[in-house]
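Listed here are the chains, written in short residue letters.
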Amino acid sequence: MRVFWILQAIGWGLWLTDQLLWIVFDLVLQKEMPVMFSADALLFMAGVPMLGGLLLRPHLQPSERSARLGALDFSLLLLWWLYLYVFYVICWQYVSPDLVHYDRNYDLLDAGQALVLASVLGVFWYRASGQWRKFYGYFFGVVLFNSVAFYLLNRELHKGVYFTGSWYDLPYSASFAAFTVVALAGRGLSSTTETSADETYASSIARLAMMAVLSLPVMAGFALLGHDIPASVARFRVLVTLGTMFAMAFLMFFKLYRLNGELKLTNNVLHEASLTDPLTGLRNRRYFSATIEGDVHHALRSYADNRDQRTRDLVFYLIDADNFKEVNDRYGHDVGDRVLVEMSRRISSAIRHSDVLVRWGGEEFLILSRYTDRREARTLSARVLAAVSDTPFALTNPNETICRTCSIGWAAFPWLSKHPEIVNYETVLNFADRALGEAKRAGKNRAVGLLPAGDQLVPTVSEMVYPGYMTADVLAIGGTTGQLQE
């Protein structure tokens with residue numbers, strides 16, 4: 001909105017400057033206005049910022065993306081419109097002075113500008129409502145009034161019968177004063193937020209800008225092949241076209257740079273979304289699948305290099321909320337979702353920054369504890385059990401709470417410390433799942449860890465190890481086994 005009014009003020013200021021120059025020649029210098037006067041450009045240029053301000057659609061607050069990219073399309077169109085004035089008018093004013101061609105081209109461009117301005121206002125008036133509809137209606141009427149008044153004055157000027165102070169000055173001056181009505185009608189107006197349907201307008205402006213860029217080679221060809229214009233004019237038009245093409249190419253490059261940035265940002269957002277659980281904000285199984293190989297290789301290298309035993313293990317913790325179906329059945333899925341979110345928060349607070357918490361599915365979570373020691377696994381599982389069960393979960397009513405617990409099954413990778421490469425991580429993960437089952441069967445609200453009885457296992461001829469043939473010690477950590485309070 002602010003930019004819109006700034007551009008309107010610039011347009012009205014250019015008109016005022018042009019009128020002041022007329023006053024200087026008439027009253028101060030007491031001379032006739034020079035033919036093909038350079039100040040004529042001010043009269044034409046006044047409509048450019050006014051049209052540009054309208055193309056910004058002040059009745060809509062654009063999204064950040066539309067504002068960034070739309071400004072470049074807007075600049076391309078304004079540059080193209082100024083290029084037309086230089087191409088068709090300036091050449092007959094300075095390069096090869098010709099009053100007939102100058103007047104004809106100037107009047108055609110000015111009439112085209114007024115037509116486009118009125119058309120845009122008419123479309124906005126048709127689509128707007130309330131105060132904005134009234135504002136665009138006033139604006140359209142004043143533009144039409146000004147165009148008619150200028151046409152009448154300009155026609156008499158070409159006939160050589162116009163003089164300062166004639167009656168033609170009255171409607172023309174009144175048309176300028178009428179723009180005050182537009183400014184007053186715009187007081188208090190505010191923009192509404194742009195919707196996704198409104199963003200099609202930005203695509204239309206972008207297409208117009210692209211058509212403007214593609215028109216430049218055609219204009220250059222027209223200048224080269226035209227045999228009815230002086231060679232100096234043709235040369236000037238080609239040079240102007242080349243200069244404009246360079247300026248537009250720079251703007252297009254900058255727009256492409258921004259689009260690439262938008263695409264990169266969008267891809268990063270999509271990639272992050274594909275690896276994140278939408279309910280809890282935790283990592284999901286896709287993230288686990290994408291990163292686990294790197295963690296496994298790091299653990300195997302740590303064993304191969306005989307690194308510090310305290311930082312070379314991976315421990316998988318599978319966590320399942322106990323009796324979670326009761327929460328959904330009794331309180332509804334909305335409460336169940338809030339309990340899951342709170343449970344994920346509590347588990348996150350109990351693990352280290354280097355650990356990864358994954359929403360494994362439903363009410364199950366997975367902790368991938370990295371750079372750790374399997375001898376410390378029981379400590380972490382005890383912290384998680386306490387974090388979940390020690391504090392009741394609040395329901396919709398803050399005064400109403402429920403107590404919830406969880407069960408944990410864990411196993412360490414490599415499974416065999418003397419032969420770390422024999423058992424893959426998928427098998428160890430299955431061991432953690434078996435341990436979780438043992439925790440459930442043992443009464444829930446407890447953690448069960450599965451570790452090998454010894455590392456003396458020798459690979460078979462087929463170099464495969466079957467979990468069913470492995471002997472394991474079961475280590476259990478019991479949690480609070482009392483009755484749940486509701």
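Structure shown above.
Residues numbered from 1 in each chain as written. Predicted model: local features only at pLDDT ≥ 70, side-chain atom pairs only at ≥ 80, totals over all residues. Heavy atoms only, no water.

### A few points about empty space enclosed by the protein
So, point 1. Under the criterion given, the structure shown has two cavities of 30 Å³ or more.
So, point 2. Residue lining of the largest cavity: 14 residues in total, with Trp 15, Asp 110, Gln 113, Ala 114 and Asn 146 positioned closest to the centre.
So, point 3. Residue assignment for the lining of the largest cavity shows that the elements contributing at least two residues are α3 (47-55), α5 (99-127), α6 (130-159) and α7 (169-185).
So, point 4. Residue classes in the lining of the largest cavity are distributed as nine nonpolar, four polar and one charged.
So, point 5. In this structure, the second largest cavity spans a volume of roughly 50 Å³.
So, point 6. What lines the second largest cavity is Asp 295, His 298, Ala 299, Thr 311, Arg 312, Asp 313, Leu 314, Arg 370 and Tyr 371.
So, point 7. Counting residues per element, the ones that place at least two in the lining of the second largest cavity are α10 (285-304), β3 (313-321) and β5 (364-372).
So, point 8. Counting residues per element, the lining of the second largest cavity draws most heavily on α10, which supplies three residues.
So, point 9. Classifying every residue of the lining of the second largest cavity by side-chain character gives three nonpolar, two polar and four charged. (1 Å grid on protein atoms, 1.4 Å probe; cavity = no way out; pocket = protein on both sides within 12 Å on 5 of 7 lines; lining within 4 Å. Points joined across faces, edges and corners; volume = space filled by probe spheres on them. Helix = DSSP H or I, 4+ residues; strand = E, 2+ residues; numbered from the N terminus. Nonpolar A, V, L, I, M, F, W, Y, C, P; charged D, E, K, R; others polar.)

### Concerning the packing of aromatic side chains
So, point 1. All chains considered together, the criterion is met by 30 aromatic pairs.
So, point 2. On the numbers, 6.2 Å between centres and 75 degrees between planes, the contact of Phe 4 with Phe 135 is edge-to-face. Of this pair, Phe 4 sits in helix α1 (residues 2-28) while Phe 135 sits in helix α6, and the two are 131 residues apart along the sequence.
So, point 3. Judged by relative accessible area, Phe 135 falls into the buried class, the value being 1%.
So, point 4. Look at Phe 44 and Trp 81: their rings are 6.2 Å apart centre to centre, the planes differ by 15 degrees, and that puts the pair in the stacked class. In this pair, Phe 44 is assigned in helix α2 (residues 40-45) and Trp 81 in helix α4 (residues 64-95), connecting sequence segments 37 residues apart. Across the pair, Trp 81 and Phe 44 agree in class, each one buried.
So, point 5. A cation over a ring is seen here: Arg 346 above Phe 393, with NZ or CZ 3.9 Å from the ring centre. (Phe/Tyr/Trp six-rings, centres within 6.5 Å; stacked < 30°, edge-to-face > 60°. Buried < 20%, exposed > 50% of the residue type's maximum accessible area, 1.4 Å probe, protein only. Lys NZ or Arg CZ within 6 Å of the ring centre and 35° of its normal.)

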